[in-house]
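A structural walkthrough
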Amino acid sequence: MKQKAGWILPNLKEAQKRTKKETERINSYIIPENARFIGINHSYFISTYGCQANERDSETLAGIMDSLGFSKVEDVEKADVILINTCAIRENAMEKVLGEIGNFKRLYRQNPDLVIGVCGCMAQEEGFVDRLLEKYPQVRLLFGTHNLQELPSMLYSVMYEKQRVVRIYSREGEVYENLPVHRFGKHKAWVNIMYGCDKFCTYCIVPYTRGKQRSRYMDEILAEVRELKEQGYKEITLLGQNVNAYGKDIDDQYDFATLLEKVAQIGVPRIRFTTSHPWDFSDEMLDVIGKYENIMPFIHLPLQSGDSKILKLMGRRYSQEEYISLYNKIIERIPNVAVSTDIIVGFPNESDEQFQHTLDVVNYCKFDNAFTFIFSPRPGTPASRMEDSISLETKKARLALLNKTWNGYALEKNKAYIGKTVTVLVDGFSKKNQMVFSGYTETNKLVNFTGNHIQPGDFVEVYIDDAKTFSLDGHAIEK
Ligand code: SAH
Ligand code: SF4
Ligand code: F3S
């Protein structure tokens, strides 16, 4: 691949670096003179992969596009600008994105003015960017996770100067406040409380794609939550790769328990947060969660492995015993709490016995839900350089057994809801049947139910008639 003047390409070495430099905070969003109104009579389509942080970034991208006069479309065929916000967490995420970009080639042939832009975590990866630049001429714009705010000037260059723009910074990052936002949900909203990650789990690419941990100031977060409440939002989710470490990069006055309590006091009906790394889970957090009714009794507590030696190799900084004692504390202190988890099988050289330790923890904790993955070596991570004697076949067999095991417990947990009444925040109609509504319980269980005069955003009391592995069925109780 030939590097062109003006291109800024990702650099893994830079992305891995951490310095003591204080985080810069930028409060203004300025649209360059020439880029104002470039969206008038043009439309955009956004496709989002990955985690909630990416979903929230897409809402910022949409907000910026709106501020330039573009209108959002749901049909990609009608778009003048397509933005693909990508995820790099596992290899198969990458393959999916390349498939989608390949599909858009046809649209580009029909309309050479079409702008296809690729951004997000995969754009931070050297190898991926090389491949895109070489093999996918239809991609006219490439930018990363650190410069969403430059979208207006980048689009101007692509649309009016007919340039191919590549601007990817590999740095620790800043905190941008006051960027425009176009929220995709009317009743549920995401609120970033921090960016980046400094945990450097040995398998994980996020600390390189997202930069260092940068917490937002508490006042900024609280102001956003207040505004959401005024706008009528019923549920907010506080977002961070590791929310429990919130504030540690600012000073000792800042911690997640304090933030959570202040957020709860604002009075949005439902508050959630994700993700909680077991390492930083404090007793104060449990006190606050237990004290406020509007903090939902649901904890996503990634286990990753149930074997202490593998956990050590992963850099997770807790042992099997420590995880279990934290789990016990959570279920004792938060009544009717539901706990979900993430698990990786087939970490390099994981033995049958070590995998069995993961199953042991699953058998003990009986998780309500789990996201399970086969280890995927990510470029630049320490785990990708570890030798691995375990075949893919073995890993697949382990994943299947793990899924069978947790599915059994999830069904058992769900069955305990039969005959009970739960409060559901309604999302909308079931896709299959317009007489059937769907929404989530406080414990984050999906419920499909029948009823009359129900609107999205309503809280409805639902009697549970039946349970499946991934959802509950019921009927609304008429008032
Ligand atoms: N910050 C969160 C995790 C974010 S990534 C935490 O620390 O818990 C979401 C999940 O993807 C992780 O919990 C992990 O289970 C999985 N994951 C991350 N890197 C992976 C890799 N290289 N291979 C397979 N799964 C991975
Ligand atoms: Fe990745 Fe670990 Fe950070 Fe989670 S805490 S994002 S798994 S490095
Ligand atoms: Fe994926 Fe980036 Fe999120 S790698 S999981 S989109 S932080």
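Structural data are supplied above this passage.
Calculation rules
Within any chain, residue numbers begin from 1 and follow the written order of that chain's sequence. Chains and ligands are labelled by the order in which they are written, letters from A for the one and numbers from 1 for the other. Totals for whole chains, interfaces and linings use every residue, but because this is a predicted model, local features are given only for residues with pLDDT of at least 70 and side-chain atom pairs only at 80 or more, for both listing and counting. Values shown for side chains rest on all heavy atoms present in the structure; no hydrogens or waters enter the calculation. Paired strands are those between which DSSP finds at least two bridges. Secondary structure follows DSSP: runs of H or I at least 4 residues long count as helices, runs of E at least 2 residues long count as strands, and numbering of each begins at the N terminus. The convention used is that axes are lines fitted to C-alpha atoms, helices contributing only their stretch in contact, and that angles between N-to-C directions extend from 0 to 180 degrees. Residues are counted as near a molecule or strand when any one of their heavy atoms sits within 4 Å of it. Here the nonpolar group is Ala, Val, Leu, Ile, Met, Phe, Trp, Tyr, Cys and Pro; Asp, Glu, Lys and Arg are the charged ones; every other residue, Gly included, is treated as polar. Each domain's limits were defined by an automated method or a database of domain assignments. Exposure classes here rest on a 1.4 Å probe applied to the protein chains alone. A residue is buried below 20% of its type maximum, exposed above 50%, and partly exposed in between. Nitrogen and oxygen atoms within 3.5 Å of one another constitute a polar contact, given that in protein one can donate a hydrogen and the other can accept it, and given that sequence-neighbouring residues count only through two side-chain atoms. Between two residues, a contact is recorded if the distance between any of their heavy atoms is within 4.5 Å. We call a set of buried Ala, Val, Leu, Ile, Met, Phe, Trp, Tyr and Cys residues a nonpolar core when their side-chain atoms join them within 4.5 Å. Accessible surface is estimated by sampling points in the Shrake-Rupley manner with a 1.4 Å probe; for residues, cover comes only from the protein chains shown.

The next point concerns the pairing of strand 17 (residues 421-429). Looking at chain direction, strand 17 and strand 20 (residues 459-467) are connected through five bridges and run antiparallel. Residue pairing across strands places Thr421 opposite Tyr463, the latter belonging to strand 20. Pairing geometry for strand 17 and strand 18 (residues 436-440), over four bridges, is antiparallel. What sits directly across from Gly428, in strand 18, is Ser438.

Taken in spatial order, the five strands line up as 17-18-19-21-20 and close into a barrel, and their pairing is mixed. In this sheet, neighbouring strand axes are inclined to one another by 50° on average, regardless of whether the strands run parallel or antiparallel.

In the neighbourhood of ligand 3, the contacting residues comprise Cys51, Asn54, Cys87, Ala88, Ile89, Cys121, Val206, Arg210 and Gln241. Within the shell around ligand 3, the residues separate by chemical class into six nonpolar, two polar and one charged. Summarising the domain contributions, the shell around ligand 3 has at least three residues from each of domain 1 (12-167) and domain 2 (175-415).

Moving on, we get to the side chain of Thr145. Relative to the assigned elements, Thr145 resides in the loop between strand 6 (139-143) and helix 5 (151-160). A relative accessible area of 13% places Thr145 in the buried class. A polar contact of 2.7 Å, which involves the side chain of Thr145, links it to the backbone oxygen of Thr209. With residues up to four places along the chain from it excluded, the contact list for Thr145 reads Gly120, Cys121, Gln124, Thr209 and Arg210.

For the rest of this paragraph, the subject is the nonpolar core. Among the nonpolar cores identified, the biggest contains 71 residues, and Ile236, Phe256, Phe273 and Ile330 are the most heavily contacted of them. The element that contributes the greatest number of residues to this core is helix 8 (residues 256-266), accounting for seven residues. The contacts of Phe256, once residues within four sequence positions are left out, are Ile193, Leu238, Val243, Asn244, Tyr246, Phe273 and Met285. Judged by nonpolar contacts, the second largest core, of 35 residues, contains Ile82, Phe104, Phe128 and Leu132.

In the neighbourhood of ligand 1, 15 residues make up the surrounding shell, with Gln241, Pro302, Gln304, Asp342 and Ser376 lying closest. Separating an oxygen atom of ligand 1 from a side-chain N or O atom of Gln304 is a distance of 2.7 Å. If ligand 1 stood free it would expose 540 Å²; the protein chains cover 90% of that surface. A class-by-class count of the residues in the shell around ligand 1 yields seven nonpolar, four polar and four charged.

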